[in-house]
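Structure assessment
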Amino acid sequence: MRIQPFCIPSVNILYSPMPLPEKLQKVFLNSWFIAIILGSVVFFMIPFKPDPYVAELIFNARSPEENAHIQFYDLDGDGLDEMIKSFYNEESQRLSHLVLLSNGNIKDQYNIDGELNYLLTKCFIGDYNQDGKAELFSLIVEGRNVYLNIIIPFCEDCQSHNAKIKVYEIPDEYLLNFELERNDMKLVDWSGNGNLELVCSLFGRYKFIDPRGLYAIDIDNKTVRRSPSYGNSPSSLVLFDHDQDGRLEISGKIGSGKNIHDEAMWEYPDHTAWLMVFNDKLELINDVKGFPGPFTTLCVYPVERDGKTELAGLMAHSGPEDYESYLFETKNLNEIIIRDKIGERVQNPGTRMNILKSKEESKIVIPSHEGDLVFYDLDLNFLSKETFNKQKSGIIYILDLDDDGTDEIIMRDFVSHEWVIVDSAGKLMTTIPTGYGESQIESIGVTNGNRGFVGYYHHGDIITYFTIHKNYFHYLKWLLLLGLVGAFYALAYVFKWIQRKQSGEKEILRHQINTLQLQSIKNQLDPHFTFNALNVLNYLSINNDNEGVESFTHHFSKLIRSQLEMSDQPAVKLYDELGFVHHYIELQKLRFDVPIIYDEEVSGEVDMNLRIPKMMIHTHVENAIKHGLLPTERGGYVKVIIIADKNCSKITIWDNGVGRSIVNNGSKEVLKNNTGKGLAILNQQYDLFDQLFKRRIRQEIEDLIDENKNPAGTKIVIRVPE
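To start, this report covers the structure provided alongside it. (Residues numbered from 1 in each chain as written. Predicted model: local features only at pLDDT ≥ 70, side-chain atom pairs only at ≥ 80, totals over all residues. Heavy atoms only, no water.)

**Regarding a nonpolar patch on the surface**
Threshold: Exposure above 30% relative accessible area and the lack of any salt bridge qualify a residue for a patch; like charges then connect within 9 Å, and the nonpolar side chains Val, Leu, Ile, Met, Phe, Trp and Tyr within 5 Å. Here the Shrake-Rupley method, with its probe set to 1.4 Å, supplies the accessible areas, and only the displayed protein chains count as covering residues. In what follows, salt bridge is the name for a side-chain nitrogen of Lys or Arg lying within 4 Å of a carboxyl oxygen of Asp or Glu. Going along the chain from the N terminus, every DSSP run of H or I of four or more residues is numbered as a helix, and every run of E of two or more is numbered as a strand. The rule is simple: take the accessible area with a 1.4 Å probe, protein chains only, and divide by the maximum for that residue type; under 20% is buried, over 50% is exposed, in between is partly exposed.
Among the surface-exposed residues, Tyr 493, Val 494, Trp 497 and Ile 498 lie close enough to one another that they form a single nonpolar patch of about 390 Å² accessible area. In this structure, Tyr 493 sits in helix 3 (residues 477–524). According to the relative accessible area criterion, Tyr 493 is partly exposed, its value standing at 46%.

**Details of the nonpolar core**
Here is the rule we go by: The definition of a nonpolar core used throughout is a set of buried Ala, Val, Leu, Ile, Met, Phe, Trp, Tyr and Cys residues joined through side-chain atoms within 4.5 Å.
Met 616, Ile 617, Val 621, Ile 625 and Ile 651 are the most contacted members of the largest nonpolar core, which has 42 residues in total. Counting residues per element, this core draws most heavily on helix 6 (residues 574–591), which supplies seven residues. Ranked by size, the runner-up nonpolar core spans 37 residues in total, among them Leu 148, Tyr 168, Ile 170 and Tyr 215.

**Topic: the sheet that holds strand 28 (residues 418–422)**
Inclusion rule: In this description, strands pair whenever DSSP reports at least two bridges between them. Only the stretch in contact is used when fitting a helix axis, every axis being a line fitted to C-alpha atoms; angles between N-to-C directions are given from 0 to 180 degrees.
Taken together, four strands build an open sheet; the order of strands is 26-27-28-29 and the sheet is antiparallel. Strand pairing shows two members of the sheet lacking a second neighbour, strand 26 (397–399) and strand 29 (428–433), which therefore form its edges. Ignoring which end each strand starts from, the neighbouring axes of this sheet average 25° apart. Bridging between strand 27 (residues 408–413) and strand 28 involves five bridges; their strand directions are antiparallel.

**Section: the packing of helix 6 against helix 7 (residues 616–629)**
The criterion, for reference: Here roughly perpendicular refers to angles of 65 to 115 degrees, roughly parallel to angles under 35, roughly antiparallel to angles over 145, and oblique to all remaining angles. By convention, the crossing between two helices is left-handed when the near helix turns anticlockwise from the far helix through less than a right angle, and right-handed when the turn is clockwise. Throughout, a contact is declared for two residues whenever any of their heavy atoms are within 4.5 Å. Three residue categories are used. Nonpolar comprises Ala, Val, Leu, Ile, Met, Phe, Trp, Tyr, Cys and Pro, charged comprises Asp, Glu, Lys and Arg, and polar comprises the others, including Gly.
Two elements in contact, helix 6 and helix 7, have axes separated by 9 Å at closest approach and are oriented at 20°. With respect to each other, helix 6 and helix 7 are oriented roughly parallel. The interaxial crossing formed by helix 6 with helix 7 has right-handed handedness. Between helix 6, through Leu 574, Glu 577, Leu 578, Phe 580, Val 581, Tyr 584, Ile 585 and Gln 588, and helix 7, the contact on the second element is made entirely by Met 616, Ile 617, His 618, Val 621, Glu 622, Ile 625 and Lys 626. Within the contact of helix 6 with helix 7, the residues separate by chemical class into ten nonpolar, two polar and three charged.

**Here's the deal with the sheet that holds strand 25 (residues 382–387)**
Spatially, four strands are ordered 22-23-24-25 in an open sheet, and the strand pairing comes out antiparallel. Looking at which strands have only one partner, the edges of the open sheet turn out to be strand 22 (354–356) and strand 25. With strand direction ignored, the average angle separating the axes of adjacent strands in the sheet is 30°. Note that strand 22 and strand 23 (residues 363–367) share three bridges and pair antiparallel. Of the residues in strand 23, the one forming a bridge with Ile 355 is Ile 364.

**Let's talk about the side chain of Ser 424**
Considering the arrangement of structural elements, one finds Ser 424 in the loop between strand 28 and strand 29. Among the residues examined, Ser 424 registers a relative accessible area of 18% and is labelled buried. Beyond its immediate sequence surroundings of up to four residues, Ser 424 is in contact with Leu 356, Lys 363, Phe 375, Thr 406 and Asp 407.

**Focus: the packing of helix 5 (residues 546–565) against helix 6**
One can describe the packing of helix 5 onto helix 6 by two numbers: an axis separation of 9 Å at closest approach and a directional angle of 145°. The handedness of the crossing between helix 5 and helix 6 is left-handed. Note on element contacts: helix 6 touches helix 5 through Phe 580, His 582, His 583, Tyr 584, Glu 586, Leu 587 and Leu 590, opposite Gly 548, Ser 551, Phe 552, His 554, His 555, Phe 556, Lys 558, Leu 559, Ser 562 and Gln 563. Along the lines of polarity and charge, the residues of the contact of helix 5 with helix 6 split into seven nonpolar, eight polar and two charged.

**Observations regarding the packing of aromatic side chains**
The line we're drawing: Each Phe, Tyr or Trp ring (for Trp, its six-membered ring) is paired with any other whose centre lies within 6.5 Å, and the angle between the two planes then decides the class: stacked below 30 degrees, edge-to-face above 60, tilted in between.
Counted by the stated rule, this structure contains seven aromatic pairs. Arranged with centres 6.4 Å apart and planes meeting at 45°, the rings of Phe 291 and Tyr 326 form a pair that is tilted. One end of the pair, Phe 291, is in strand 17 (residues 289–292); the other, Tyr 326, is in strand 20 (residues 326–331), with 35 residues separating them in the sequence. Both residues of the pair, Phe 291 and Tyr 326, count as buried.

**Observations regarding the pairing of strand 23**
Among the five residues in strand 23, five count as buried, and that is most of the element. Here strand 23 shows no split at all, with Lys 363, Val 365 and Pro 367 on one side and Ile 364 and Ile 366 on the other all buried. Turn length for the strand 22-strand 23 hairpin, with the two strands adjacent in sequence and antiparallel, is six residues. Direction of pairing for strand 23 relative to strand 24 (residues 372–377): antiparallel, over a ladder of five bridges. Counted as the bridge partner of Val 365 is Phe 375 from strand 24. What sits between strand 23 and strand 24 in their antiparallel hairpin is a turn of four residues, with Gly 371 showing a positive phi close to 100°.

**Overview of the pattern of salt bridges**
Considering all chains together, one arrives at 19 salt bridges under this definition. Across the salt bridge formed by Arg 144 and Glu 169, the nearest N and O atoms sit 3.6 Å from each other. Placement of the pair is Arg 144 in the loop between strand 7 (135–142) and strand 8 (145–151) and Glu 169 in strand 9 (residues 163–169), with a sequence separation of 25 residues. A relative accessible area of 42% means that Glu 169 is categorised as partly exposed. For the salt bridge of Glu 329 with Arg 305, the shortest nitrogen-to-oxygen distance reads 3.2 Å.

The following block contains the structure:
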């Protein structure tokens, strides 16, 4: 028959590039890729990295006077700020203003007698007569009248009290426990003609409804005019010219204090924050808009819109009621246009809008009580949000600390008690430790070349002096990143080199073990053994011993199959090794007429899955039969006992054969085929097993003797670590 060749049909095989997973695998396992990823992760996880700026703390202490207020101001026009400390002595009923140097020494002191509460201690500082030198303005109570006292510092020809002007007469019903708060003071030139008036916002606290309103004080003429009394009055006064007529309007921040209920007879009670705009006569000129809800704060600033100056503002609610917080602007001072719902961006927004001046573009920053800074442009368009877990007050302070034309942000970390300085982009610049608890910044300035600021702390002030400058070590952080990448590359390279070396060594060990196993197989199942075994099979067949043939075939096939299955394994399970020994013993019983008794005892605590060198037990059992029992011609027994003993499995193999002593001439025929290679191979396997699995096997061989000191067998004890 002619066989037709098998032909493969022609197929057009297009070249296919390496699959993407393989390419990705090459990229991901590349040492440089691993080094860049790990180096970057560690770099950003390192808690300490040099800040862009360094602030050096020079002086930090709490004012010893209770209820003291400290401010920085350039009183004498020399370009350096003096520190003005104001405090009230209740026993002497005297208000004192101290002018201090940066080292704490007193430069001058001014005293005013009268009554006042803590909230009036802080004086207002401004240059009323516009001579380049500042005056101090203080409110104080004498009898039933509230007076404005004016002090001209560093004036030897001037009296201590250059002016004392009556501002307000306390009604009879308010004389008892009268409390007054000065919300704000400003020197105002209403028409731009150079004539200044001092405008202040007074606020009767708690149950004292009056005075609540604006007061304009003409210092030269010692006259006062006031707005009508309302249930609320503005603070943080804002001046602007709405209709560009050359005369200023005034508004300001208003909060709902929850003191005067809406049901009260007073207009604009303080359960609501009101948008109020006054003219130079202190008359309301807008349709007053109410922002309801206790703990609601309204703050505004002027913006240019279509040839007019309007007000933009923040309505922030921090109370338990569900009121929205949002940014808005006015149209003709009467219509409210909502621009952004900041309450959807942050929880608990702060109550201040801060204008952040910059050489590039000024912006608005609003802090939250949760540690966020939200940035808007001056048209109230949202820019970004930066999260800081460093401050919870919702209050920040803005100042150009490094004199680069761009403002920085200072806020308080109430956990570590540090002042935190942030740049105009919301990135951390540096921190200044103080060691004091919760406080808010009250004033900041420059004295003798050092930055200084004051933090209000309970009923006293913290005085802090520091210098700030660029930290050039900050730029070394990129060298740190490169160093980390290089270090991880070196580690990855060394790791791969060690891995390749260990892999090669393991491959060599496996090859040596396989070679030894092949030698062991040849030594155990050599042609001589196989030939004799087949002769036994032939003998059983001739004698029609079907049961013997079946038993032989079963055990011989199991033996051969076990050898094939375990041929590529350096170690086998204890259970499989004992099975192999069992089949081997049964074949030996069929092969020899000498009676062979095999007994096996395994403790229940022994792990039958314990891996041991292949042929370890079999080699000793085979030696016991061939060199111990067969030479006696009377047979004997072989016993294997396995128990758990101190973190290892103890395997004991003994027989009652002739032992290892020199045998008589009759046994030489049996011994002549023994080359001793089995035990030598087994010892080599122990060494390789230890190198491969780091488990050192210990073996002891004991020659047994009877009571007459004649050889009585051999005992082998093997300890295999778990």
